[in-house]
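Spelled out, the chains give:
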Amino acid sequence: MPELPEVEVVRAGLAPAVTGARVVAAEVRDPRALKRHVPLGGDDGLGGHGVTLPAEAAATRAADFERRVTGLTLGSPARRGKFMWVPVAAERPTAEPWSLLAHLGMSGQLLLRDTTALDDRHVRIRLWIEHPTHGELRLDFADQRLFGSLALDRLAPTPDGAPGGFGGDAEVPALLPVQAARIARDPLDPHFDDAEFVASARRRGSGIKQLLLDQSLVSGVGNIYADEALWRARMHPETPGRRISAARLTELLALLRDVFAQALAEGGTSFDEQYVNVNGQAGYFSRYLHSYGRTAEPCDRCGTKIERIPFAGRSSHFCPKCQRLR
DNA sequence: CAAGCTTCCTGCATGC
DNA sequence: TGCATGCAGGAAGCTT
């Protein structure tokens with residue numbers, strides 16, 4: 001399940017291969033992988049997410065994407081939370097800036113393959129790219145469960161004038177894909193505002209787990225890293241935000257950064273083989289999980305059995321002794 | 001504005 | 001064996 005560390009591994013893996021490359025051809029095999037793509041000439045009236053596409057609209061969307069992505073020259077990939085995008089070179093200096101946007105959902109993969117490689121499973125969209133030094137490559141978007149998607153999306157200026165997101169060594173302009181406008185900065189972003197997160201969280205009555213998953217407060221956190229950060233902070237997932245001190249929330253952010261950094265160093269978490277890097281390889285952080293997916297196993301701190309409680313149609317995992325609700 | 005629910009989707013595990 | 005059911009997840013877009 002790609003969360004911030006997994007998306008960052010993919011972004012970094014993509015960078016050397018796509019920066020400066022030109023898209024020479026495109027094939028949309030399944031238009032459902034274009035959920036976030038809005039065809040030019042206005043909205044097709046169908047919105048994106050949560051709408052089953054009638055066949056005609058799906059075909060229009062696929063054709064529009066294939067036509068417009070072909071010939072584009074790609075820039076340096078950037079990321080904010082779980083959203084990732086590659087700016088595309090403008091045809092005219094005055095033209096509006098656009099990007100190729102990717103969200104991996106929960107099973108999306110971006111795979112760099114040799115042009116002669118056999119198909120991976122669930123390839124939904126294929127781009128053939130030509131790089132000045134690496135030659136011709138395939139960039140395949142594979143996605144079993146179709147919660148992810150690619151799109152061409154306009155870039156808009158960031159309200160704070162700071163870079164749109166993280167781009168490794170490359171400088172990221174102060175632009176953000178329109179679809180990521182409501183996504184907060186992530187904790188690894190130097191422009192993330194700890195005080196603003198703390199203040200927002202303390203205004204809310206929802207449980208801290210819920211708040212960590214709210215991408216408008218802090219981005220990049222999913223079910224795995226929310227549970228892991230809360231385990232480290234010894235915080236019960238249902239503790240209301242407004243009952244947590246500013247100091248404890250600041251501490252939680254620091255621990256979240258620690259978990260992210262360690263996961264990144266291990267190449268991410270490949271919990272059920274859904275996540276792989278651009279070469280199809282799994283990450284190793286699942287070995288170091290303390291709470292997520294460890295129901296009934298002993299807590300690494302105190303030996304008490306980890307509990308699983310239902311939460312918003314999924315699960316929270318925590319140690320009932322270390323993480324008390326008071 | 002906040003909070004809760006539903007929707008999109010497939011593959012695997014479980015139960016009868 | 002074969003079928004039905006449940007579950008996993010992110011984020012948008014509803015309603016309350």
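Nothing here was measured: the structure is a model prediction, and the numbers come from that model.

### Some details on the nonpolar core
Right, on to step 1. One finds L14, F65, V69, L110, I125 and L127 to be the most contacted residues of the largest nonpolar core, which totals 37 residues.
Right, on to step 2. If one sorts the elements of this core by residue count, helix α1 (residues 4–18) sits on top with six residues.
Right, on to step 3. Apart from residues no more than four positions distant in its own chain, L127 is found in contact with V23, A25, A26, F65, V69, L100, L137, R138 and L139.
Right, on to step 4. Among the nonpolar cores identified, the runner-up in size contains 33 residues, and L4, L213, I224 and A226 belong to it.

### Digging into the sheet that holds strand β7 (residues 135–143)
Pairing between the strands of a sheet comes from backbone hydrogen bonds, and it takes one of two forms, parallel or antiparallel.
Right, on to step 1. Pairing is antiparallel in the open sheet, where four strands are placed in the order β1-β6-β7-β5. Each of the sheet's edge strands pairs with one partner strand only, and the pair in question is β1 (22–28) and β5 (108–114). On average, each strand axis in the sheet is inclined to that of its neighbour by 20°, with strand direction left out of account.
Right, on to step 2. Direction of pairing for β5 relative to β7: antiparallel, over a ladder of seven bridges. By the bridge assignment, D114 is partnered in β7 with L137.
Right, on to step 3. Helix α2 (residues 55–69) contacts β1 and β6 (123–131) of the sheet and is inclined by roughly 165° relative to β1.

Procedures and definitions
- Residues numbered from 1 in each chain as written.
- Chains lettered and ligands numbered in written order.
- Predicted model: local features only at pLDDT ≥ 70, side-chain atom pairs only at ≥ 80, totals over all residues.
- Heavy atoms only, no water.
- Core = buried A, V, L, I, M, F, W, Y, C linked by side-chain atoms within 4.5 Å.
- Buried < 20%, exposed > 50% of the residue type's maximum accessible area, 1.4 Å probe, protein only.
- Helix = DSSP H or I, 4+ residues; strand = E, 2+ residues; numbered from the N terminus.
- Contact = heavy atoms within 4.5 Å.
- Pairing = 2+ DSSP bridges.
- Axes fitted to C-alpha atoms, helices over the stretch in contact; angles between N-to-C directions.

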